Amino acid sequence: MSSRLTALTTYCVVAFAVLATLTAAVYASDAVNERQQRQQVDVFSNRALLRAELVTSEADSALRQLMSYPDTPCTNDHMQRLRQVEEQFRYIREVASTHDMRLRCSSLHGAVDIALPPPEWTYAGGFTAWHTEVGKRGNERQMLNVRLGNHVVVIDPRFYLDIVPLDDTIKLTVLETQHGAVISSWPHTDDALVRAALQRTGSPYFEGRYYVVERSSRYPIAVVAYEPEDRMRRDVPAQLRTLLPPALVLSAIGTWLVLRWRRTLRTPRNAMLQGIRRRQFVAWLQPLVSLESGRCVGAEALVRWKLEDGTLVAPDTFIPMAESLDLIEPITDQVIRSVFEGVGAMLARRRDLHVSLNLAGKDLAGTRVLQTLKASLARYGVRPEQIWFEAIERTLMDTASSAPVLEAFRAAGHRIFIDDFGTGYSSLSYLQALPVDGIKIDRSFLLSLASGEEMNKIVPHIIEMARSLDLLMVAEGVETEAQAQYLRERGVQFAQGWLYAKAMPADEFLRYLEREAARTRET
Ligand code: C2E
Ligand code: MG
Ligand code: MG
């Protein structure tokens, strides 16, 4: 995937996650709000009903007290009585006396003569009620008049719903239940909705919004409370629209962080550590052939890094990196383990065969590898002389320190070869100073031998030098019979190269040996 496509995909995923989270958060807070608001509606309707009952009970008591007044109306004594009643009851603003359907005197205005308006509703027990308007022009207010017999009490209807409006989005109304007449309501309440609510039997209920109908058990009054229609829900898309720009910016920052984090994860060191953890380093085997008999005498273990997707990475690419990252030791261990798992049992049967392991500089700094190997040799019943080692010249430069280590390897029974011989600083004195069993002639020297002609002066020289020191020789990269012929004639013992076989996985190497054994039996 191109890096731009990766960035775009990551951005989409992050943006989706951010928006999904925000939407969920908005809906969740909406649900919480809604629940709280419904609780408020319950609480408000309850409190409003208590207040409405209190005001109604005052009107009821005041009118019943006045009914029992025995003397002539609108005398000084009667007026005194009216004023007393007005003062006695907190919610009663005015008390008046009627005669022949006219108001004759009142606690506030003294003697008057006003025709009584037709009542808006009547209660059982002889009560009638109507609203009147008071106050100056532009500042009019409605007053509720309740009449029983020859007396009228005037109440400010606001008292019916005189509770602190903690949430002014809630709508509250007090009605009388026989006719559905509205006694008092908070601003912007819809009378039609309230009356419809009164017709319902159950409470609370939901019909586009939440309604509560609280009926009084003492008086023919009820409180209807409801919340604004889906107020929060309607706001959700708007809230999301507001949140979209910051969410997209947030997603961009998130994408940047994710990509940076991925880059950190994909450092060579992390990739290699992961490869080690997942045991992705496996040994392939390339046969080593005796030039004399043409038969396989063993194999060189060549490491391959098998990535998750099956890709094989060649050692030239990652061995130098593993060395510089100080991760070569666990890789060497995995190669050893892989060799034994693959061909350990076969080595125990075929004592004539060996496997040659490549060692890095760090592996040659001490005898750690020997310890690791010891356990595997014992477990599989393989002899130390069946395991050879190869070390490139460069790692053996400091002969003073490498000689004792090589000595320890040889003392344990292993053979040591100098790999890629001729490409470094090889000299006779150097070879003499190192306790090694042989050399591997680097394949670059064999290129010129491809045609069988002796164009290269170095190979004969190397061969001469090795023979004089009694060293074994392995020729690397033998690709043609002519090269093999040339090397055989000059006394090189072993050869390795595509002429015989390329490096292969362990199971394939076992089949290779079986085929060879079958051929030998035939001849
Ligand atoms: P090397 O030890 O000199 O291994 C021989 C290399 O030459 C191998 O490459 C092998 O596949 C290749 N080769 C063999 N025959 C022919 C041939 O006929 N023609 C050509 N053109 N090439 C041939 P490979 O497997 O890529 O290994 C490269 C190098 O990586 C090795 O060189 C060795 O230095 C290093 N290496 C491999 N495995 C390990 C290991 O387990 N540990 C360490 N430390 N180094 C390793
Ligand atoms: Mg090698
Ligand atoms: Mg080599």
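Calculation notes
- Residues numbered from 1 in each chain as written.
- Chains lettered and ligands numbered in written order.
- Predicted model: local features only at pLDDT ≥ 70, side-chain atom pairs only at ≥ 80, totals over all residues.
- Heavy atoms only, no water.
- UniProt positions renumbered as here; feature names shortened; annotations may be inferred.
- Buried < 20%, exposed > 50% of the residue type's maximum accessible area, 1.4 Å probe, protein only.
- Helix = DSSP H or I, 4+ residues; strand = E, 2+ residues; numbered from the N terminus.
- Pairing = 2+ DSSP bridges.
- Right-handed = clockwise from strand over helix to strand, strands pointing away.
- Phe/Tyr/Trp six-rings, centres within 6.5 Å; stacked < 30°, edge-to-face > 60°.
- Lys NZ or Arg CZ within 6 Å of the ring centre and 35° of its normal.

- Under an unreviewed UniProt entry, the chain has the name cyclic-guanylate-specific phosphodiesterase and belongs to Paraburkholderia guartelaensis.
- The heading Subcellular location (unreviewed entry) in the UniProt record of the chain holds the text "Cell membrane".
- Of the comments in the UniProt record for the chain, the one headed Catalytic activity (unreviewed entry) reads "3',3'-c-di-GMP + H2O = 5'-phosphoguanylyl(3'->5')guanosine + H(+)".

1. Looking at the pairing of strand β18 (residues 415-421)
In summary, the side chains of a regular strand alternate between the two faces of the sheet.
No. 1: Of all seven residues in β18, five are buried, a share of seventy percent or more.
No. 2: The sheet contact formed by strand β17 (residues 387-392) and β18 spans five bridges and is parallel. Across the sheet, Phe-389 pairs through a bridge with Ile-416, a residue of β18.
No. 3: Note that the unit made of β17, helix α9 (residues 399-411) and β18 has a crossover that is right-handed.
No. 4: In terms of strand pairing, β18 meets strand β19 (residues 438-441) through three bridges, oriented parallel. Each residue of the ladder has a partner; that of Ile-418, found in β19, is Ile-439.

2. A short note on the packing of aromatic side chains
No. 1: The tally for this structure, following the rule as stated, stands at 14 aromatic pairs.
No. 2: With a centroid separation of 5.5 Å and 55° between ring planes, the pair formed by Phe-281 and Phe-318 is classed as tilted. Of the two residues, Phe-281 is situated in strand β13 (residues 281-290) and Phe-318 in helix α6 (residues 315-324); the sequence distance between them amounts to 37 residues. You'll find Phe-281 and Phe-318 in the same group, each marked buried.
No. 3: Three or more aromatic residues joined by ring pairs form one cluster here, namely Trp-121, Tyr-123 and Phe-127.
No. 4: Above the plane of the ring of Tyr-486 lies Arg-490, whose end atom (NZ or CZ) is 3.8 Å from the centre.
No. 5: When the ring centre of Trp-498 is taken as origin, the NZ or CZ atom of Lys-502, which lies over that ring, is 4.2 Å away.

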